[in-house]
Amino acid sequence: MTHEAAGVPTTRNDDDRQDNDRPDAPRPAPEAEDAPGAQDAPGTPDAPGGADAAAGEAGGSEDAQPRPEARLARAVQVAEQALIEFEIAVETFRVEVENFSRLHHQKLGPMYTRLDELDALIAEARAARTGDPEDERKAREARAVVMPMPGVEELFHDWMDTDGLSPEAAAMLTEQAVRPPKRVRPSEEARKLYRELARKAHPDLAQDEPERQRRDEFIARVNAAYGRGDVDLLKELVAEWAAGPVRPLAPLSESEELYARLEWLSRRKELLTVLAKELEDGAIGSMLRMAPDDPDQLLEDIAEQLLGEVSRREAELAEMVQ
């Protein structure tokens, strides 16, 4: 038998096997792999479910880990739910502000108007008594607060004249024929731009139906701009056509779509935060925050204060005109 180095797997040559086959040859001590039950020991290469089972368990533990996309999708779902709750809260507050504003105007509006009128009367009475130019200026300013807003005819352009409604407005209200609006004569530059666009983007130059539809929609915009004589818009349309059709974006991967969704949710939350801040800092929102549990009582308290102010101003005015 050969002498074998420690730590090196044992091997037998043919001579060893022949020596061991002789009847008088000493029997070697049982080795570890030949020990009773050794083949059944778990974790050995020959044991059922040994190395292969261990490898399977290791692989199973790796498979049990969630994919990065799955964790990201879960984050998106949580962010979506949080944003929905935030939107509900902001919209609820907006409705409360709107309703309170309407009630405030209905209930307290006449009192505010009465106070403005009394302020104007008091200022006018003071100016009449003193004759001071400064008092007269203040009286004019106080009266301007309660007078209708000037320049109404300018807001309605040609709908009103010195005699009331213009003929066109009156004809429309009485269902009579209305004169067509004044025609715009496009400038030479507008005509030049229009001809350039018409030659390049005419629908008859399309090679297929989608391209024809795109050209039809574009030429409709060109015609509308040309009809108004809008040179600036025609120039923009020239640049738009030169840039060509918008190319479809390359499809995003699952991770890219999820990240894009998270970014949109973040921007949406920022916008809602700004809106909520504006509502809270506004006059009506500030009043609501003073009495969030009983806004109706707040209106009653303000009305009582305004009635007191009206009474005081009326008394002041009575003393001045005696």
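A word on the overall build of the protein chain
Here's step 1: A count of helices and strands for the protein chain gives 12 helices and two strands.
Here's step 2: Ordered by position in the sequence, the α and β elements of the protein chain form the string α-α-α-α-α-β-β-α-α-α-α-α-α-α.
Here's step 3: Looking at the 322 residues of the protein chain, the share that counts as buried comes to 20%.
Here's step 4: Once local pairs closer than 6 in sequence are excluded, the contacts in the protein chain between residues at least 24 apart make up 58%.
Here's step 5: In the structure as shown, the protein chain presents an accessible area of about 24,300 Å², 55% of it carried by carbon and sulfur atoms.

Notes on the side chain of H104
Here's step 1: Along the chain, H104 turns up in helix 3 (residues 68–130).
Here's step 2: Discounting residues that sit within four places of it in the chain, H104 has contacts with G109, Y112, I284, M287 and L299.

Concerning the packing of helix 3 against helix 11 (residues 283–290)
Helix packing geometry: the angle between the two helix axes and the distance between the axes.
Here's step 1: Relative orientation of the contacting elements helix 3 and helix 11 amounts to 100°, with a least axis distance of 9 Å. Between helix 3 and helix 11, the interaxial angle falls into the category roughly perpendicular. Residues F93, E96, V97, F100, S101 and H104 of helix 3 form the contact with helix 11, whose own contacting residues are I284, G285, M287 and L288.
Here's step 2: Class assignment of the residues belonging to the contact of helix 3 with helix 11 gives a composition of six nonpolar, three polar and one charged.

Structural notes on the packing of aromatic side chains
Here's step 1: Within the structure shown, the criterion is met by two aromatic pairs.
Here's step 2: Relative to Y226, the ring of Y194 has its centre 4.2 Å away and its plane inclined at 15°; by these criteria the two rings are stacked. Linking Y194 in helix 7 (residues 188–201) with Y226 in helix 8 (residues 209–228), this pair joins segments that are 32 residues apart in sequence.
Here's step 3: For Y194, a relative accessible area of 26% puts it in the partly exposed group.
Here's step 4: Taken together, a centroid distance of 4.9 Å and an interplanar angle of 40° make the contact between F218 and W241 tilted. Taken together, the residues F218 in helix 8 and W241 in helix 9 (residues 231–243) connect sequence positions 23 residues apart.
Here's step 5: Judged by relative accessible area, F218 falls into the buried class, the value being 4%.
Here's step 6: Sitting above the plane of the F86 ring, K269 keeps its charged end 5.4 Å from the centroid.

Description of the confidence of the model for the protein chain
Here's step 1: Per-residue confidence for the protein chain gives a mean pLDDT of 74, with 68% of residues at or over 70.
Here's step 2: Across residues 1–60, confidence stays below pLDDT 50; counting only partners more than four residues off in sequence or on other chains, it has 26 contacts.
Here's step 3: Segment residues 152–163 is flagged for pLDDT under 50; beyond a separation of four residues in sequence, or across chains, it makes 13 contacts in the model.

Thoughts on helix 3
Here's step 1: If you look at helix 3, its biggest bend is around 50°, right at L108, and the proline P110 turns up within four residues after that.
Here's step 2: A positive backbone phi angle near 70° is found at G131, which sits one or two residues after helix 3.

Comments concerning the environment of A242
Here's step 1: You can see A242 is positioned in helix 9.
Here's step 2: Expressed as a C-alpha distance, the spacing of A242 and K200, which sit 42 residues apart in the sequence, is 9.4 Å.

Structural notes on the packing of helix 3 against helix 4 (residues 133–146)
Here's step 1: At a minimum axis distance of 8 Å, the contact between helix 3 and helix 4 shows a crossing angle of 160°. Accordingly, the angle class assigned to the pair helix 3 and helix 4 is roughly antiparallel. The hand of the helix 3/helix 4 crossing is left-handed. Residues D116, E117, D119, A120, L121, A123, E124, R126, A127 and T130 of helix 3 form the contact with helix 4, whose own contacting residues are D135, E136, K138, A139, A142, R143, V145 and V146.

With respect to the pattern of salt bridges
Here's step 1: One pass over the structure, following the stated rule, counts 25 salt bridges.
Here's step 2: Ionic pairing is found between E240 and R221, a salt bridge with its closest N-O pair at 2.9 Å. Here R221 lies in helix 8 and E240 lies in helix 9, a separation of 19 residues in the sequence.
Here's step 3: The exposure class assigned to E240 is partly exposed, which follows from its relative accessible area of 35%.
Here's step 4: Note that R313 is salt-bridged to E309, the shortest N-O span being 2.7 Å. With R313 and E309 both in helix 12 (residues 295–320) and four residues apart, this pair spans about one turn of that helix.
Here's step 5: Judged by relative accessible area, R313 falls into the partly exposed class, the value being 22%.
Here's step 6: Among the ionic contacts, a cluster of salt bridges with common partners joins D119, E309, R312 and R313.

Reading guide: rules and limits
Residues numbered from 1 in each chain as written. Predicted model: local features only at pLDDT ≥ 70, side-chain atom pairs only at ≥ 80, totals over all residues. Heavy atoms only, no water. Helix = DSSP H or I, 4+ residues; strand = E, 2+ residues; numbered from the N terminus. Buried < 20%, exposed > 50% of the residue type's maximum accessible area, 1.4 Å probe, protein only. Contact = heavy atoms within 4.5 Å. Areas by Shrake-Rupley, 256 points an atom, 1.4 Å probe, with all protein chains shown as cover. Axes fitted to C-alpha atoms, helices over the stretch in contact; angles between N-to-C directions. Parallel < 35°, antiparallel > 145°, perpendicular 65-115°, else oblique. Nonpolar A, V, L, I, M, F, W, Y, C, P; charged D, E, K, R; others polar. Phe/Tyr/Trp six-rings, centres within 6.5 Å; stacked < 30°, edge-to-face > 60°. Lys NZ or Arg CZ within 6 Å of the ring centre and 35° of its normal. pLDDT = per-residue confidence, 0-100. Bend = angle between axes of the 7 residues up to and from the residue. Left-handed = near helix turned anticlockwise from the far one by under 90°. Salt bridge = Lys/Arg side-chain N within 4 Å of Asp/Glu carboxyl O.

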